[in-house]
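# Fold and contact review
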Amino acid sequence: MEFVFTNNINRKGTCSVKWDLCNEFFSAEDVLPLWVADSDWPTVPEVVKAIEQRTAHGIFGYTFPGREAEDAVINWLDKKYNWKIKREWLVFDNGVVPSINFALKALTNPGDGVVIQAPVYKPFFEAVANNGNELIINELEYKDNKYNFDLDDLETLLEERVSLGKKTAAMILCSPHNPVGRVWSESELNNLSKIAKKYDLLILSDEIHADILYPGQQHQPTANLDKQIDHQTITFMAPSKTFNIAGLHTSFTIISNAEMRKKYKEAKSGFAAGNNILGITALTAAFNHGEAWLEAQQVYLQENLQFVKEYLKNNLPEIKLVRPEGTYLIWLDCNNLPLSSEKIADFMKNKAKVGLNPGEWFGPGGKGFMRMNIACPRARLKEGLDRIYTAVKGLS
Ligand SMILES: Cc1ncc(COP(=O)(O)O)c(C=O)c1O
């Protein structure tokens, strides 16, 4: 079966955050939206069919996930990452962001330090603030157009806190990383986990982007590194980015440590809704039938990425692509544009008329960068790049 990613489907007027809330975010209606992390093409045909069959039943009462959904997740994790989880480790949730908040609520105390590796997805900062934790920023190291963990800095930060008698309870890890696109290797994660073990850090591992990988990459679940790290890790995953079903608000959390799982469930109760009936249906169909579609999507994304790379090289050498290893989000180093870094975001929305996420949105280390979403038909991507090209030429 051939899958089509090139159709220019109109999403305006569908309550799409990406398309219908440009005015709220950019104060401009006429930007080309290349921001929010969803895709501009329909999900897997079998997912649509499964939802249609479920809606034909006509009754949408309270729902629990059931064995079929559990099996779909268990098999997917085994097949994709050779990660063999037990059924009881699984908790079905309504989104990774609420789950990270519940985990902090369950397993940290206000005032405890929580480490995040900036620049990173903004809701991590918000989760730390929501729970009254102390934010500890361990900036990623950016060298030769590539990002790495800065583990020396991490140890220094943690050691300093120990000497001051301050507790550091957890780290929120983004793996693969949004926005810098790194797919952390097993050896990098092992090095990080040595520090987590030494300082008894809980690892909240957000692996929502695990399935979108460029050739040669393999995702390593943090919890599956070894038994000890598994014991102190909570993993957050979802089919939402992979299969473009984020609006169905269905994710899952994996906690092998029974005591932590109990606390996590207690922290959730009273706050979280039950499961979304159509989300569970979609997750099951996507994991059971979506693999060929995902492979085709990966080919299209790879070609989009190549297209951007060549376009920038030939037309806009002032903008450097930080080439991602995973995710459909690309991180553009705009520091060589003839503009002060404070003005880049404003230039992109008001002069180029493209809706990109400003680097500052991702915290320290983000200034001078913009994040672009390439999960759209190539013609639209070209239009976005053409708009930037015209605006940049207008600067000289
Ligand atoms: C790293 C990361 N975590 C979580 C989310 C959102 O997850 P959810 O919609 O399940 O809350 C995103 C969305 O862009 C993301 O990039």
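Structure: see above.
In short, a report on the structure. (Residues numbered from 1 in each chain as written. Predicted model: local features only at pLDDT ≥ 70, side-chain atom pairs only at ≥ 80, totals over all residues. Heavy atoms only, no water.)

This part covers the overall build of the protein chain. Per the secondary structure count, the protein chain includes 15 helices and 15 strands. Its C-alpha atoms give the protein chain a radius of gyration of 21 Å, near enough to 21 Å, the size a compact globule of 396 residues would have. Dimensions of the protein chain, computed from the C-alpha atoms along their principal axes, are close to 60 × 60 × 40 Å. Evaluated residue by residue, the protein chain yields a buried proportion of 55% over its 396 residues. Considering only intrachain contacts with a sequence separation of at least 6, the fraction spanning at least 24 residues in the protein chain is 74%. Entry remark: accessible area of the protein chain is about 17,000 Å², with carbon and sulfur atoms responsible for 51%. Taking the average place of the 44 positive charges on the side chains of the protein chain and the average place of its 49 negative ones, the gap between the two points comes to 1 Å. (Helix = DSSP H or I, 4+ residues; strand = E, 2+ residues; numbered from the N terminus. Rg over C-alpha atoms; globule rule 2.2 N^0.38 Å. Buried < 20%, exposed > 50% of the residue type's maximum accessible area, 1.4 Å probe, protein only. Contact = heavy atoms within 4.5 Å. Areas by Shrake-Rupley, 256 points an atom, 1.4 Å probe, with all protein chains shown as cover. Lys, Arg positive; Asp, Glu negative; His and termini not counted. Charge placed at Lys NZ, Arg CZ, Asp CG, Glu CD.)

Let us now look at the sheet that holds strand E11 (residues 320–322). Spatially, E11-E12-E15-E14 is the arrangement adopted by the 4 strands of the open sheet, whose pairing is antiparallel. Here the strands that pair on one side only, and so sit at the sheet edges, are E11 and strand E14 (357–358). Note: E11 against strand E12 (residues 329–333), 3 bridges, orientation antiparallel. Note on E12: the bridge partner recorded for Leu 321 is Leu 332. (Pairing = 2+ DSSP bridges.)

It is worth spelling out the site of the ligand at this point. The local shell around the ligand consists of Ala 37, Gly 95, Val 96, Val 97, Pro 98, Tyr 121, Cys 174, Asn 178, Asp 206, Ile 208, His 209 and Lys 241. Contacts to the ligand include Val 97, whose backbone N or O atom sits 3.0 Å from an oxygen atom. Protein chains bury 89% of the 400 Å² of accessible surface belonging to the ligand in isolation. Using a 2 Å cut-off from the grid points, one finds that the ligand occupies the largest pocket. Considering every element that reaches the shell around the ligand, the biggest residue donor is helix H5 (residues 96–107), with 3 residues. Taken together, the residues of the shell around the ligand sort by class into 7 nonpolar, 3 polar and 2 charged. (Near = heavy atom within 4 Å. Polar contact = N/O pair within 3.5 Å; in protein donor to acceptor, adjacent residues only side chain to side chain. 1 Å grid on protein atoms, 1.4 Å probe; cavity = no way out; pocket = protein on both sides within 12 Å on 5 of 7 lines; lining within 4 Å. Sits in = over half its atoms within 2 Å of the grid points. Nonpolar A, V, L, I, M, F, W, Y, C, P; charged D, E, K, R; others polar.)

Attention shifts here to the pairing of strand E10 (residues 251–254). Residues Ser 251 and Thr 253 of E10 are buried on one face, and the alternating residues Phe 252 and Ile 254, pointing to the opposite face, are buried as well. One ladder, built from 4 bridges, connects strand E2 (residues 90–93) with E10; its direction is antiparallel. Bridge pairing in E10 places Leu 90 opposite Ile 254. With 3 bridges connecting them, strand E9 (residues 233–237) and E10 associate as antiparallel partners. Along E10, the bridge assignment pairs Phe 236 with Thr 253.

Ordered by their spatial adjacency, 7 strands build an open sheet running E2-E10-E9-E8-E7-E3-E4, and the pairing between neighbours is mixed. Taken across any chain shown, the strands that pair with only one partner, and hence form the sheet edges, are E2 and strand E4 (134–137). Between one strand axis and the next, the sheet turns through 20° on average, direction left out of account. Pairing of strand E7 (residues 168–174) with strand E8 (residues 202–206), which is carried by 5 bridges, proceeds in the parallel orientation. Looking at E8, one finds that Ile 172 is bridged to Leu 204. (Axes fitted to C-alpha atoms, helices over the stretch in contact; angles between N-to-C directions.)

This brings us to the nonpolar core. Most often, soluble globular proteins have nonpolar side chains that are buried together. Within the largest apolar cluster, 71 residues are counted, with the highest numbers of intra-cluster contacts made by Leu 77, Phe 252, Met 348, Met 372, Ile 374 and Ile 388. When residues of this core are assigned to their parent elements, the largest contribution, 8 residues, is made by helix H13 (residues 291–315). Residue-level mapping places this core at the junction of two domains, with at least three residues from each of domain 1 (17–44 + 291–393) and domain 2 (59–289). Ignoring anything within four residues of it in the chain, the contact list for Leu 77 reads Asn 82, Trp 83, Ile 85, Met 237, Phe 252 and Ile 254. (Core = buried A, V, L, I, M, F, W, Y, C linked by side-chain atoms within 4.5 Å. Domains from an automatic or database assignment.)

What follows concerns the side chain of Ser 175. In this structure, Ser 175 sits in the loop between E7 and helix H8 (186–198). On the basis of relative accessibility, which here comes to 1%, the residue Ser 175 falls in the buried class. Excluding its chain neighbours within four sequence positions, the residues that come into contact with Ser 175 are Trp 184, Ser 205, Asp 206, Glu 207 and His 219.

Evaluated as defined, the whole model comprises 27 salt bridges. When the shortest N-O distance is used, the salt bridge between Lys 167 and Asp 112 registers 3.9 Å. Taken together, the residues span a long stretch of sequence, with Lys 167 in the loop between helix H7 (151–163) and E7 and Asp 112 in the loop between H5 and strand E3 (113–116) at a distance of 55 residues. Judged by its relative accessible area of 48%, Lys 167 falls in the partly exposed class. In this structure, the salt-bridge partner of Glu 155 is Lys 198, at a minimum N-O distance of 3.0 Å. Of this pair, Glu 155 sits in helix H7 while Lys 198 sits in helix H8, and the two are 43 residues apart along the sequence. Salt bridges here are not isolated pairs; linked through shared partners, they connect Arg 11, Lys 18, Asp 38, Asp 40 and Arg 380. (Salt bridge = Lys/Arg side-chain N within 4 Å of Asp/Glu carboxyl O.)

Along E12, 5 of the 5 residues are buried, which leaves the element largely enclosed by surrounding structure. A two-sided burial pattern is seen for E12, the buried positions comprising Leu 329, Trp 331 and Asp 333 on one face and Ile 330 and Leu 332 on the other. Linking E11 back to E12 in an antiparallel pair, the connection comprises 6 residues, with Thr 327 at a positive phi of about 75°. Two strands pair when backbone bridges link them, and E12 and strand E15 (residues 369–373) are joined in this way by 5 bridges, in the antiparallel orientation.

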